Amino acid sequence: MQLLKISQFLGHFHPVLVHLPIGILVLGGLFHLLSASNRYAFLYPAVRITYLLGAIGAIVSCISGYLLSQTSDYDAKLVGLHQWLGIGVAMVALLLYVLLTLRVNELLLRLLTVVVLISITITGHYGGSLTHGSDYLFTALTADVSSGVAIPPVANIQQAKAYPQLVEPLLKNRCYSCHGAEKQKGKLRLDSKDFMIKGGEGGPSLVEGKADESELIKRLLLPLDNDDHMPPKEKPQLSQEEIALLKWWVNQGADTHKTVMDLKPTPEMSAILPLFQSGAVKPKETKSSLLDKEVEAAATEALKKLKDAGVVVLPIHQTSNYLSVNFVTTDVTPALLDELKKLDKQLVYLELAYTSLNDEGMKTLSSLKNLLQLNLRGTAITDKGLAHLKDLKQLTLLNLVETKVSAQGIAQLKDFKNLKSIYLYKTGVDKQGLTSLKTVFPNSSLDTGGYRVPTLASDTTVVKVP
Amino acid sequence: MTREELNLRRLMKEANHTQLNAYTRRHFLKESAMGLGALAFGSLLGSCGSKPNEPKQIVFDPAHPLLPKSPPFLGKAKSVIYLHMAGAPSQLELFDYKPELEKMSGQDCPESLLKGKKFAFITGVPKMLGPQAKFAQHGQSRAWVSDNLPHFSTMVDEVTFLKAVTTDQFNHAPAQLLMHTGSARLGKPSMGSWVTYGLGTENQNLPGFVVLTSGGSFPDAGKSIWGSGFLPSVYQGVQCRSEGDPVLFIKDPNGMERDLRKATIDAINAANEQEYAYYNDPEILSRISQYEMAFRMQVAAPEVMNIDNEPQYIHDMYGTQPGKACFANNVLLARKLVEKGVRFVQLFDWGWDAHGDGPQNSLNIGLKNKCRSTDKPITALLLDLKQRGLLEDTLVVWGGEFGRTPMLENRNGVKSPYNGRDHHTEAFTMWMAGGGIKKGFTYGETDEIGYSAVSGKVEAFDIQATILNQLGFNHEKFTYDFQGRPFRLTDVFGKVIHDIIA
């Protein structure tokens, strides 16, 4: 076990080590060819030792490369080519060193030098293909990289074949480089449906008709920092629409021949499909959320003032500069609210529930542009106060429980695209107001509460012993 | 010893001494070179992997032990309400519907299910027992819930069911200890203690970890399941009552003014400070801060703990019985406490041990009554947390310490007139809601008679790991040094159940 680990460890040095012989041998070759001219004849004595060093480097690279090839699942054919070319380079370099010592025909030596230079280039190319995928070099020229679209626009989406025109290109651009013909990380290939059903080390990847049970889909949906999430954190991620496409395709039976129309798009899918037609589906930005962006630490003076007043001020987690502030046992004062303004960059969660905050105080909140969650439960604010929130466009959660706000007041926030939940229990929002708000915020959950649990006869009686 | 032997010994000793004399500093350095090099290399390698942003170890501040702290990672939940049905409710009469078991009802239990198994009371060959309740599918998630829980069945789209929870303890006390402290033996800190140790609590006027019990008796494992174990004692659960004073002796005695109380506490603290100056024991600082908190609590607690000032429709919703000690009152209290920033609220409701050895312990009478007294309050709790926006960051957990057998219990080989089931370790149901857990989801599956887990098998450690994860902890890195080594809530086990996280 230990031995295996050490060999693995050494194998991982291969990508570093290979650059030594490449550099040294190319330098040696250049010196050799240049020294043919009188101007650079003085380089000739250096050539022999350079080849020796290059040959040693090449041999070490070969050994580490062999160890690496044992630990990972690469395409055997490519590995074989790369391996034998690499060994060839090492041998020819060594031969050159020996022949230079023997002072044989100079023309032969130059010919061999050219051979080394050419074969080192080819070896390097195959090595690159192994790590980055065989189409890595030319993707920049062939694919539409400028827009970063994984699925090329499809002209007539309803008549398009779902697998070859949508699913396959997506998998190809996002998955094949590690799970394709050349490389099978985790022994998994995704480049045909049979391979997907066969799966990898973790069992089948695709269960026809059951996206919830398909590892292919499950892994996409795991949180980004989960080790099992796919694609890996540092690789381009799939967008919501692309995941929805895969999920739909799997749920409809993962057919590889049918057209989009035959697969019966769900209403959700029909809404997304035009995006694939126009190619408007952008890959997910890995640093899309505010909390992933760096921010400088907050002014310590403001923090101290708030803390001394009994306000709970905390970084949202140990290594973040973003802050959550909770007036749990302290009431707001104009002075404290002014201190909050100094935290405008860092403050993301703010709880002011059951404080004496009023519309006047809301003015100071207007500059807190990075707020994600705002809890105003049980405060005296009204629609007038809500108007001051119009610049807080990052808000995802707004709790207005037990306030006097009305539907009109909340509608002022209509262009808040990220607002996911609005809590409206015990507010001035009535049934009619709720219906109108639902059209203003089609993607948000609006909760006016007022739930009741009916009292059944069984709730107040007991089952008696017969 | 012969003279010869003695001489030989002396000779050896001398030779050894001479040899050691020849051993110089140069030798030492020469021989250490490899070792020192290896050490240096080790530290070099070590620095490769670690990130500069690695979360810090939690620092215990004895003077302010309960001050709120940031979690190591961004958690989805801020507080936890844990509803423990002590005695172990029968999954087969509540959530785990097994029509196949119905068909086998009354037949002898197949020997394959008994071979090599241990049961608390079953002896010989028991009969199988079909579900003692009617089941139906509910909500959009089509989850099976029995007619024992008519209210909760409307909430299935808010919760995640864990259908294949297992344990290795078939007696109440050890199983409860395992569930709450990560060890079936006494002495480990409870989950609530770990959480308040790691996160403190937002409201400095109230305890961070509150325990409420109902059902007429304490859970079998006693107060150890909310004890602080080897953690500083300030993190143990504070048991509050829903009848009379929330905390015993919280009121000042008649005739005692608040100022006088303050003066008393100041005097005690001054004396304690002198003690601290002399002994330097951090527990004394904790004691001082506890006195101060108790003084603040005298004002804050009666206000929060008094459910009388809740509106009538809330009382109707929960089905409370003001003035009495009951589960419904505790559940309403739990909501109020979480609303005021209490970190961990632990409820125990005793009386779920349906063996069938008496009417109150039977599936058809006792269990039904336990369901009636908890169904409405739990449903009300979920709805009430939801409408207040509290379900977003409050994790609600429901469960027992183990499950119950698909076999009819035949205690002492005698058939009881009441139906009951024995303790069962191999599969039972729990549920979680809120706090970033999936809605309307079921994880895990049992075989067709509900005897053992088929897929999605989880154990207490996995549930603990998941709860800690939702609060922003990596359960493997959340440790406390005791007796020379770091300890974890999940010992060396536990895997976060990622599949149930929204």
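Per-chain numbering applies: the sequence of each chain, read as written, is numbered from 1 onward. Lettering for chains starts from A, numbering for ligands starts from 1, and both go in the order in which the items are written. For this predicted model, a pLDDT threshold of at least 70 governs which residues receive local features, and a threshold of 80 or more governs which side-chain atom pairs are given and counted, while totals over whole chains, interfaces and linings are taken from all residues.

Helix numbering and strand numbering both begin at the N terminus, where a helix is a DSSP run of H or I of at least 4 residues and a strand a DSSP run of E of at least 2. The helix and strand tally for chain A stands at 19 helices and seven strands. In terms of overall dimensions, chain A is more spread out than a globule: its C-alpha atoms have a radius of gyration of 32 Å, far above the 23 Å expected for 466 residues. Projected onto its principal axes, the C-alpha coordinates of chain A cover approximately 100 × 60 × 60 Å. Residues are called buried when their C-beta atom has 20 or more other C-beta atoms within 10 Å, exposed when it has 12 or fewer, and partly exposed otherwise; all C-beta atoms are positioned from the backbone. Taken over 466 residues, chain A has a buried fraction of 35%. Working definition of a contact: two residues with C-beta atoms, positioned from the backbone, lying within 7 Å. Considering only intrachain contacts with a sequence separation of at least 6, the fraction spanning at least 24 residues in chain A is 59%. Within these notes, the globule rule equals 2.2 Å times the number of residues to the 0.38 power, and the radius of gyration is based on C-alpha atoms.

The next point concerns the overall build of chain B. When helices and strands are counted, chain B shows eleven helices and 17 strands. Projected onto the principal axes, the alpha-carbon positions of chain B cover approximately 90 × 70 × 50 Å. Across the 502 residues in chain B, those meeting the buried criterion constitute 52%. Nonlocal contacts in chain B, meaning residues at least 24 apart in sequence, comprise 76% of its contacts between residues at least 6 apart.

All names here are of chain A. Each pair of strands is called paired provided DSSP finds at least two bridges between the two strands. In space, the seven strands of this open sheet follow the order 1-2-3-4-5-6-7, with mixed pairing throughout. Single-partner strands in this sheet number two, and they are strand 1 (312–315) and strand 7 (445–447). Neighbour-to-neighbour, the strand axes of the sheet open up by a mean angle of 10 degrees, direction not taken into account. Axis definition: a line fitted to C-alpha atoms, over the contacting stretch in the case of helices. Angles run 0 to 180 degrees between N-to-C directions.

Turning to unusual backbone geometry, a few remarks are in order. Residue and element names in this part refer to chain A. Residue P231 follows M230 across a cis peptide bond; omega there is -15 degrees. Tracing the sequence through the fold places P231 in the loop between helix 10 (215–221) and helix 11 (240–251). Its identity is not glycine, yet K187 carries a phi of approximately 55 degrees, on the positive side. Relative to the elements of secondary structure, K187 occurs in the loop between helix 8 (162–174) and helix 9 (193–198).

With 36 residues of chain B at the contact, the number on the chain A side is 32 residues. For the side of chain B that touches chain A, the elements supplying multiple residues, two or more each, are helix 8 (312–318) and helix 10 (366–387) of chain B. Ranked by residue count, the leading element in the side of chain B that touches chain A is helix 10 of chain B, at nine residues.

A few words on the domain arrangement of chain A. In this entry, domain limits derive from an automatic or database-based domain assignment. Domain boundaries in chain A define domain 1 (2–132), domain 2 (162–278) and domain 3 (300–447). On a C-alpha basis, the centroid separation for the pair domain 1 of chain A and domain 3 of chain A is 64 Å.

Take the domain arrangement of chain B next. Here the domain parsing of chain B yields domain 1 (3–49) and domain 2 (79–246 + 306–500). When each unit is reduced to the centre of its C-alpha atoms, the spacing between domain 1 of chain B and domain 2 of chain B is 60 Å.

This part is about the UniProt feature "transmembrane region" (unreviewed entry) in chain A. Residues and elements named next belong to chain A. UniProt positions are given in the numbering used here, feature names are shortened, and annotations may be inferred rather than shown by experiment. Within the UniProt annotation, "transmembrane region" (unreviewed entry) is assigned to residues 12–34, 46–69, 81–100 and 107–127. Secondary structure over residues 12–34 splits into 87% helix and 0% strand, and the C-alpha atoms at its two ends are 35 Å apart. For residues 107–127, the helix share is 100%, the strand share is 0%, and the end-to-end C-alpha distance is 30 Å.

On to the environment of A:N251. Residue and element names in this part refer to chain A. If you trace the backbone, N251 turns up in helix 11. For N251, a count of 18 C-beta atoms within 10 Å translates into the label partly exposed. Along the backbone, N251 and G209 are 42 residues apart, and their C-alpha atoms lie at a distance of 3.9 Å. Contact partners of N251, with chain neighbours within four places excluded, come to G209 and A211.

Residues and elements named next belong to chain A. At a minimum axis distance of 10 Å, the contact between helix 11 and helix 12 (residues 267–278) shows a crossing angle of 125 degrees. Viewed along their axes, helix 11 and helix 12 adopt a mutual orientation that is oblique. Crossing geometry of helix 11 relative to helix 12 is assigned as left-handed. Between helix 11, through E241, A244, L245 and W248, and helix 12, the contact on the second element is made entirely by E268, M269, I272 and L275. Convention used here: angles under 35 degrees read as roughly parallel, angles over 145 as roughly antiparallel, angles from 65 to 115 as roughly perpendicular, and any remaining angle as oblique. Throughout, a crossing is termed right-handed when the near helix is turned clockwise from the far one, and left-handed when it is turned anticlockwise from it by less than a right angle.

The next point concerns the pairing of strand 2 (residues 323–326) of chain A. Residues and elements named next belong to chain A. Of the two faces of strand 2, the one carrying L323 and V325 and the one carrying S324 and N326 are both buried. Here four bridges tie strand 1 to strand 2, and the two strands are oriented antiparallel to one another. Within strand 2, the position partnered with P315 by the bridge is L323. Pairing analysis gives four bridges linking strand 2 to strand 3 (residues 347–351), with the strands arranged parallel.

This paragraph deals with helix 11 (residues 460–470) of chain B. Residues and elements named next belong to chain B. Most of helix 11 is tucked away: eleven of the eleven residues are buried. Every buried residue of helix 11 is listed here: A460, F461, D462, I463, Q464, A465, T466, I467, L468, N469 and Q470. Of the surrounding secondary structure, the elements contacted by the buried residues of helix 11 are strand 1 (79–86), helix 4 (172–181), helix 5 (191–199), strand 8 (394–399), strand 11 (428–433) and strand 15 (458–459). Where helix 11 terminates, the next one or two residues include G472, which has phi positive at roughly 100 degrees.

The next thing to look at is the packing of helix 5 (residues 76–102) of chain A against helix 6 (residues 106–132) of chain A. Residues and elements named next belong to chain A. Their axes nearest at 9 Å, the elements helix 5 and helix 6 cross at an angle of 155 degrees. Classified by the angle their axes make, helix 5 and helix 6 are roughly antiparallel. Along this stretch, helix 5 crosses helix 6, giving a crossing that reads as left-handed. Three classes are used, and their members are as follows: Ala, Val, Leu, Ile, Met, Phe, Trp, Tyr, Cys and Pro are nonpolar, Asp, Glu, Lys and Arg are charged, and the others, Gly among them, are polar. Residue composition of the contact of helix 5 with helix 6, grouped by class: 19 nonpolar, eight polar and no charged.

This brings us to helix 14 (residues 334–341) of chain A. All names here are of chain A. Restricting attention to buried positions, one finds in helix 14 the residues L336, E339 and L340. Seen from one end, helix 14 has its buried residues packed into an arc of 105 degrees, which puts them on one side. In helix 14, the exposed residues that point more than 90 degrees away from the buried face are P334, A335 and D338. For this quantity, the arc is that covered by the directions from the helix axis to the C-beta atoms.

Tracing the chain through its elements places B:R485 in strand 17 (residues 485–488). Separated by 301 residues in the primary sequence, B:R485 and B:A184 have C-alpha atoms spaced 20 Å apart.

This brings us to the pairing of strand 16 (residues 479–482) of chain B. Residues and elements named next belong to chain B. Looking at chain direction, strand 16 and strand 17 are connected through four bridges and run antiparallel. Among the inter-strand pairings, F482 is bridged to a residue of strand 17, identified as R485. From the end of strand 16 to the start of strand 17, which pair antiparallel, there are two residues, and Q483 there has a positive phi angle of about 50 degrees.

Residues and elements named next belong to chain A. Relative to the helices and strands, L107 resides in helix 6. Looking at L107, the number of C-beta atoms within 10 Å reads 8, which means it is exposed. Separated by 17 residues in the primary sequence, L107 and G124 have C-alpha atoms spaced 26 Å apart.

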